[in-house]
Amino acid sequence: MKRALFIDRDGTIIKEPADEQIDSLEKLEFVPGVITALSVLVKEGWELVMVSNQDGLGTDSFPEETFFPAHNKMLGLLEGEGIVFADQLIDRSLPEDNLPTRKPGTAMLESYMDGSYDLSESFVIGDRETDLQLARNLGAKGIRLGSEDTPGWQDVLRAILGKERKAEVERNTAETRIRVFLDLDGKGESRIDTGLKFFDHMLYQLPHHGDFLLQIECKGDLEVDEHHTMEDVGIALGQAICTALGDKKGIERYGFALPMDESRAMVLLDLGGRFSFEWDVPFTREYVGDTPTEMFKHFFHTIAYNMNANLHVEARGENNHHIIEGVFKAFARSLKAAKRRDILSDATPSSKGML
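If you're wondering where the values come from, they're calculated on a predicted model, not measured in any experiment. (Residues numbered from 1 in each chain as written. Predicted model: local features only at pLDDT ≥ 70, side-chain atom pairs only at ≥ 80, totals over all residues. Heavy atoms only, no water.)

### Focus on the overall build of the chain
Reasoning step 1: Each helix and strand counted, the chain has nine helices and 15 strands in total.
Reasoning step 2: In summary, the chain has a C-alpha radius of gyration of 26 Å against a globular reference of 20 Å for 355 residues, an excess of more than 25%.
Reasoning step 3: The proportion of buried residues among the 355 residues of the chain is 48%.
Reasoning step 4: Accessible surface, the chain: about 17,000 Å² in total, of which carbon and sulfur atoms supply 46%.
Reasoning step 5: Averaging the positions of the 40 positive and the 62 negative side-chain charges in the chain gives two centres separated by 5 Å. (Helix = DSSP H or I, 4+ residues; strand = E, 2+ residues; numbered from the N terminus. Rg over C-alpha atoms; globule rule 2.2 N^0.38 Å. Buried < 20%, exposed > 50% of the residue type's maximum accessible area, 1.4 Å probe, protein only. Areas by Shrake-Rupley, 256 points an atom, 1.4 Å probe, with all protein chains shown as cover. Lys, Arg positive; Asp, Glu negative; His and termini not counted. Charge placed at Lys NZ, Arg CZ, Asp CG, Glu CD.)

### Digging into unusual backbone geometry
Reasoning step 1: The linkage connecting Lys-103 with the following residue, Pro-104, adopts the cis geometry, with an omega of 10°.
Reasoning step 2: Locating Pro-104 in the fold gives a position in the loop between β3 (87-91) and β4 (123-126).
Reasoning step 3: Even without being a glycine, Asn-98 presents a positive backbone phi close to 55°.
Reasoning step 4: Tracing the sequence through the fold places Asn-98 in the loop between β3 and β4.

### Re the nonpolar core
Inside soluble globular proteins, nonpolar side chains tend to come together where they are buried.
Reasoning step 1: Residues Phe-300 and Phe-328 are the most contacted members of the largest nonpolar core, which totals 54 residues.
Reasoning step 2: With nine residues, the single largest contributor to this core is helix α9 (residues 320-339).
Reasoning step 3: Contacts of Phe-300, omitting those with residues within four sequence positions, involve Phe-277, Trp-279, Leu-311, Ile-324, Val-327, Phe-328 and Phe-331.
Reasoning step 4: With 31 residues, the next largest nonpolar core counts Leu-5, Ala-70, Leu-75 and Phe-123 among its residues. (Core = buried A, V, L, I, M, F, W, Y, C linked by side-chain atoms within 4.5 Å. Contact = heavy atoms within 4.5 Å.)

### A word on the sheet that holds strand β8 (residues 191-193)
Strand-to-strand pairing in sheets goes through backbone hydrogen bonds, with the strands running parallel or antiparallel.
Reasoning step 1: One open sheet accounts for four strands, arranged β6-β7-β9-β8; its pairing is mixed. Two strands lie at the open edges of the sheet, namely β6 (166-172) and β8, each paired on one side alone. The mean angle between the axes of side-by-side strands here comes to 5°, regardless of whether they run parallel or antiparallel.
Reasoning step 2: By the bridge criterion, eight bridges tie strand β7 (residues 176-183) to strand β9 (residues 213-220) in an arrangement that is antiparallel. Bridged to Asp-183 within β9 is Leu-213.
Reasoning step 3: Lying over the sheet, helix α7 (residues 227-245) contacts β6, β7 and β9, oriented at roughly 30° with respect to β7. (Pairing = 2+ DSSP bridges. Axes fitted to C-alpha atoms, helices over the stretch in contact; angles between N-to-C directions.)

### Describing helix α4 (residues 153-161)
Reasoning step 1: Listed as buried for α4 are Trp-153, Val-156, Leu-157, Ile-160 and Leu-161. Looking straight down α4, one finds that the buried residues subtend no more than 110° of arc, so they occupy a single side.
Reasoning step 2: Buried residues along α4 sit against β1 (4-7), α1 (34-43), β4 and β5 (141-144). (Arc of directions from axis to C-beta.)

### Quick word on the pattern of salt bridges
Reasoning step 1: Across all of its chains, the model carries 21 salt bridges by this definition.
Reasoning step 2: Linking Asp-10 and Arg-9 is a salt bridge whose minimum nitrogen-to-oxygen distance equals 2.6 Å. Comparing Asp-10 with Arg-9 shows no difference in burial state: the two are buried.
Reasoning step 3: For Asp-55, the salt bridge is made with Arg-102, and the minimal N-O distance between the two is 2.8 Å. Remark: Arg-102 occurs in the loop between β3 and β4 and Asp-55 occurs in the loop between β2 (47-53) and α2 (64-79); sequence separation between them is 47 residues.
Reasoning step 4: What you see here is one network of salt bridges that share partners, running through Asp-8, Lys-103 and Asp-131. (Salt bridge = Lys/Arg side-chain N within 4 Å of Asp/Glu carboxyl O.)

### Structural notes on the layout of surface pockets
Reasoning step 1: In this model, the largest pocket occupies a volume close to 1,200 Å³.
Reasoning step 2: Together, 34 residues line the largest pocket, and Arg-158, Ala-159, Gly-162, Asp-185 and Arg-341 are the ones closest to its centre.
Reasoning step 3: For the lining of the largest pocket, the elements supplying multiple residues, two or more each, are β5, α4 and α9.
Reasoning step 4: Here the lining of the largest pocket takes five residues from α4, the largest share from any one element.
Reasoning step 5: Here the residues of the lining of the largest pocket sort into nine nonpolar, five polar and 20 charged. (1 Å grid on protein atoms, 1.4 Å probe; cavity = no way out; pocket = protein on both sides within 12 Å on 5 of 7 lines; lining within 4 Å. Points joined across faces, edges and corners; volume = space filled by probe spheres on them. Nonpolar A, V, L, I, M, F, W, Y, C, P; charged D, E, K, R; others polar.)

### Brief notes about the packing of α1 against α4
Reasoning step 1: Close contact between α1 and α4 brings their axes to 9 Å; oriented N to C, the two are set at 20°. What the angle tells us is that α1 and α4 run roughly parallel. The element α1 and its partner α4 pack so that their crossing is right-handed. Two secondary-structure elements touch here, α1 through Val-34, Ala-37, Leu-38, Val-40 and Leu-41 and α4 through Trp-153, Leu-157, Ile-160 and Leu-161.
Reasoning step 2: Class assignment for the residues of the contact of α1 with α4 results in nine nonpolar, no polar and no charged. (Parallel < 35°, antiparallel > 145°, perpendicular 65-115°, else oblique. Left-handed = near helix turned anticlockwise from the far one by under 90°.)

Nothing here speaks to function; it is geometry throughout.
So this is what it looks like as structure tokens:
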């Protein structure tokens, strides 16, 4: 089935003046980035449909002849860049008329609701809440330009073209019951509870410094010892990262080192699909908080193995808390750098052409 982008005009394609009327060529000004973004979307095969409320168009206060010169000029400039709208749906009623053709009503869009379009995979793009409500009424996805998530057209591109990089792993054994949810591009509050407070404190460094959303719930046999909990969290988290990365097209692949007070940590990460692990992190204490220091090497080894990654870790310092926190932060920053992607690139970051 076909997919469409239903796009508002004023405030989304062209800037809306204070009087809300584009009734002269002097008022015609494109929203920054819109031409580049629409050019990309057309090349990606999206069908463009303009859906706009034009209050009172054709009345004495807003005659049609004042509307079309600027509108046609806009269309001509866009067409010169290869951007052509398959349809233009313009409602001319006033808000007080309360007609079903007026957004967020869907009467203007009946021809797109006959089953020939996959509306669940189509988008409504606008700058107002009514555009988001139109999306809900259509059963489409909504994007509000100028919002926190999509402040500009480059962000709109990412929202439309960027494949979700999410994974959920559940691992239940006789020793642990674990659920890990990961969104490599997600925002929001991460939640982590493994039963080991210091381990939780370290794990929280990953989403905070890695710029992703992470949820970990683990019920382990801590009455035996900490080994099963930390090992199995490493397994589930490594698998989640590997799954969320997907085909890895457009990613940076590599990254990162940092200081932590008097200590320093160096993490070298390669998401190239082959496993290798090096660890050079000496500790002078058996435990930090409730977590055994000997288990950190095993934890990162387990993550690297389940990520299919090269991971080299080296750290030095005087304070054991700072040493291992530096390692977690450096790993998070490495992953942030390595997972970064160009959504417009189909390139695989390898001279072999595959990872």
